[in-house]
Amino acid sequence: MPRTLPIVSTMQVTQSIIEQLYDRKPELMLPYLSPDIAWITDRCDTPIYGYYQFLANLSTITPDLPCRVTHRHYHLSLASDSAAVITGDFQIHQKTGSTLTACSEYHLTFVWGVEVCKLKLLHAHIYPSIPSHSPDLLSFRGKHAQTYLISSGDILYVEAENMNCCVRCLSKDIHVCHPINQLETIMPPEFLRIHRGYIINRRYVISIRRYVVEMPNGITLPIPEKRYMEVLRKIEEHTGRLP
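Residues numbered from 1 in each chain as written. Predicted model: local features only at pLDDT ≥ 70, side-chain atom pairs only at ≥ 80, totals over all residues. Heavy atoms only, no water.

With that settled, the discussion passes to the overall build of the chain. The helix and strand inventory of the chain stands at five helices and 16 strands. Counting over 243 residues, the chain shows a buried share of 45%. Restricting to contacts in the chain with at least 6 residues of sequence separation, those with at least 24 account for 45%. Summed over all atoms, the accessible surface of the chain reaches about 13,000 Å², with 51% contributed by carbon and sulfur. (Helix = DSSP H or I, 4+ residues; strand = E, 2+ residues; numbered from the N terminus. Buried < 20%, exposed > 50% of the residue type's maximum accessible area, 1.4 Å probe, protein only. Contact = heavy atoms within 4.5 Å. Areas by Shrake-Rupley, 256 points an atom, 1.4 Å probe, with all protein chains shown as cover.)

Next up, the structure:
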């Protein structure tokens with residue numbers, strides 16, 4: 001980095017941007033964004049490319065409530081004459097009056113460069129860490145490098161989409177970059193593969209009949225004839241006898 005923009009500046013501005021973002025004051029960070037900024041966050045389903053698209057998505061990028069940033073640990077991972085990469089982790093706490101609640105831990109990767117002799121953020125990736133104390137949370141990789149953390153209890157079923165999958169949740173669908181054979185090996189015991197294209201959460205089975213299983217919201221999923229008796233037995237083992 002040029003002497004007028006020392007590495008220490010990237011560390012300080014990284015910290016400042018994170019604090020402004022989570023305090024819902026994004027306007028303070030705008031002067032540091034490159035016109036070609038790439039911003040990736042778990043709060044958006046797809047990456048954001050460009051300064052003006054970033055502005056258009058401010059309400060999605062910023063948290064619903066102001067948060068305080070704590071336990072900051074940022075590191076210089078790579079440096080050259082024209083760029084620097086800062087990585088690290090931090091915790092956020094929602095602020096309700098003078099009370100801090102709802103701690104979450106995140107990781108970040110910021111790529112800084114110099115444009116017209118000014119320090120500019122070229123690439124930002126902010127993603128949640130996987131809490132080791134929360135076995136109920138499952139981690140999925142999105143199609144655009146996101147990391148989704150989803151409670152197993154929120155998942156109705158998983159549907160194959162060629163070499164990827166769609167995780168059908170109670171409130172929304174999430175498209176993930178995993179083949180269904182891989183997901184079958186990591187899903188908790190309450191999940192059951194009923195078809196080459198479906199894994200269901202047995203907690204949400206309403207009924208089973210030849211050759212379909214009924215899920216909430218009128219959803220019915222097929223069961224192959226050859227697999228029907230095995231699926232019926234495994235569902236009844238988990239849930240008790242069904243109509």
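Moving on from the coordinates now.
As a further point, take the sheet that holds strand 15 (residues 212-214). Taken together, three strands build an open sheet; the order of strands is 14-15-16 and the sheet is antiparallel. Each edge of the open sheet is held by one strand with a lone partner, namely strand 14 (207-209) and strand 16 (220-222). Averaged over all pairs of adjacent strands, the angle between strand axes in this sheet comes to 20°, irrespective of strand direction. Bridge analysis of strand 14 against strand 15 gives three bridges, and the strand direction is antiparallel. Residue pairing in the sheet places isoleucine 208 in a bridge with valine 213 of strand 15. (Pairing = 2+ DSSP bridges. Axes fitted to C-alpha atoms, helices over the stretch in contact; angles between N-to-C directions.)

Tyr22, Trp39, Phe90, Phe110 and Ile126 are the most contacted members of the largest nonpolar core, which totals 29 residues. Where this core is concerned, the elements lending two or more residues are helix 1 (7-22), strand 1 (33-41), helix 3 (58-61), strand 3 (67-79), strand 4 (83-96), strand 5 (99-115) and strand 6 (118-128). Take this core: its biggest share by element is five residues, from helix 1. With near-sequence residues (within four places) excluded, tryptophan 39 lies in contact with Ile17, Leu21, Met29, Leu33, Pro47, Ile48, Phe54, Ile61, Leu121, Ala124 and Ile126. (Core = buried A, V, L, I, M, F, W, Y, C linked by side-chain atoms within 4.5 Å.)

A few words on the pattern of salt bridges. With the rule as written, the count across this model stands at nine salt bridges. When the shortest N-O distance is used, the salt bridge between arginine 193 and glutamate 184 registers 2.6 Å. Judged by relative accessible area, arginine 193 falls into the buried class, the value being 15%. Between arginine 233 and glutamate 237 there is a salt bridge, with its nearest N and O atoms 3.0 Å apart. Here the residue arginine 233 and the residue glutamate 237 both occupy positions in helix 5 (residues 228-239), the gap between them amounting to four residues, near one helical turn. Among the charged side chains, a salt-bridge network with shared partners connects Glu159, Arg168 and Asp173. (Salt bridge = Lys/Arg side-chain N within 4 Å of Asp/Glu carboxyl O.)

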